[in-house]
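Commentary on secondary and tertiary structure
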Amino acid sequence: MLMQMKFKIVKKSQNYLIALCPYHKETVPSLMIHRNGERAGQWICRGCGVYGRLNKTEMQKLGCKVTTVVKKSPDQWEKLQQFYHTNYKYNIAGFPSDFYNWWDVQKETYIKAGIGLDYINQCLTFPMRNATGQIVGIQRRFWDGTKKFIFGSELGLFYDWPVKPKSQLIVCEGLTDGLTISDWNYWTVSIASATMISQKIIDFIFAFQPKCVILLADNDGAGINLMHKIRSEYLKKFNKSAALIIPSSPYKDIRELKQSIGNELALKWLKKSIKKE
């Protein structure tokens, strides 16, 4: 999906594009895309803090000057990782579950996933990683479902670290969906947003080589399209077919299914769906 389809461009100038950010709800545009110079193609949201870079095709479509892509420096990633380690890593172990367990999962699941508790802001912090385990972003998740990012975060993948591979990998959308599936002792990796580039999942699969891949899509257009794209790229890369499962209406995702019918029945549905595939 091209970036201009994700970002609703509101204003244009010689050096910048101003757009509505698709990663949080807003009516006043706060996302800025650089059009020229060394930073051409870079974008950042001043509202939620998430940022990234357009690829060459996207830059051309939006009229940005195409330059050599400068990757995020290890020093910048290191600073973000140090911030996470200092403030959030394993700190959730010191709090009663009433402070954070909004999704009814075991405390050990939060800990092995590296989720932290920001007690002052009353939110959970999810570390987002690249395929090598490096933290590239931190998402804050509030009890009412609101999502925000630590300033300067990239969109990444959410999975237990260190990785303990199993033969079967479940790929899902949404960090809390990944938490739910991990609580059932499945090996899972989740995507922060349906607008993410699917290549990050392909890189993860290439790194850890699961024998079987199950794609668990959200029951909406964006979620299903994303998983179909991953399925297509997985087939091209590995010459294998990935199974695709989708919760039936009216449930949007596995977490909503669990909340509606209970833990045991939701787990039973997942096992049955996987077995069919």
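An account of the accompanying structure is given in this report. Note that the structure is a prediction, hence the values are computed from the model and not measured. (Residues numbered from 1 in each chain as written. Predicted model: local features only at pLDDT ≥ 70, side-chain atom pairs only at ≥ 80, totals over all residues. Heavy atoms only, no water.)

Along the chain, aspartate 218 turns up in the loop between strand 13 (212–216) and helix 7 (221–238). A residue is classified by how much of its surface remains accessible, and aspartate 218, at 4% relative accessible area, is buried. For aspartate 218, the side chain forms a polar contact with the side chain of lysine 252, separated by 2.9 Å. What aspartate 218 contacts, discounting residues up to four positions off in sequence, is Glu173, Asp177, Gly223, Ile224, Ile246, Lys252 and Asp253. (Helix = DSSP H or I, 4+ residues; strand = E, 2+ residues; numbered from the N terminus. Buried < 20%, exposed > 50% of the residue type's maximum accessible area, 1.4 Å probe, protein only. Polar contact = N/O pair within 3.5 Å; in protein donor to acceptor, adjacent residues only side chain to side chain. Contact = heavy atoms within 4.5 Å.)

A separate point is the nonpolar core. Counting residues in hydrophobic clusters, the biggest one holds 33 residues, and the most contacted among them are Tyr23, Ile33, Val50, Tyr110, Ile115 and Leu124. Mapped onto this core, the elements with two or more residues apiece are strand 2 (16–20), strand 3 (31–34), strand 4 (42–45), strand 7 (123–129) and helix 5 (175–183). Take this core: its biggest share by element is three residues, from strand 7. Here isoleucine 115 is in contact with Tyr84, Tyr88, Ile92, Tyr110, Leu124, Thr125, Phe126, Pro127, Phe158 and Leu179, once residues within four sequence places are set aside. (Core = buried A, V, L, I, M, F, W, Y, C linked by side-chain atoms within 4.5 Å.)

Moving on, we come to the side chain of aspartate 183. Secondary-structure assignment places aspartate 183 in helix 5. For aspartate 183, which is buried and forms no salt bridge, the nearest opposite charge comes from lysine 258, at a distance of 4.5 Å. In terms of polar contacts, aspartate 183 uses its side chain to reach the backbone amide nitrogen of glutamine 106, at 3.0 Å. In this structure, aspartate 183 is in contact with Asp104, Val105, Gln106, Thr109 and Lys258, ignoring residues within four places of it in sequence. (Lys, Arg positive; Asp, Glu negative; His and termini not counted. Salt bridge = Lys/Arg side-chain N within 4 Å of Asp/Glu carboxyl O.)

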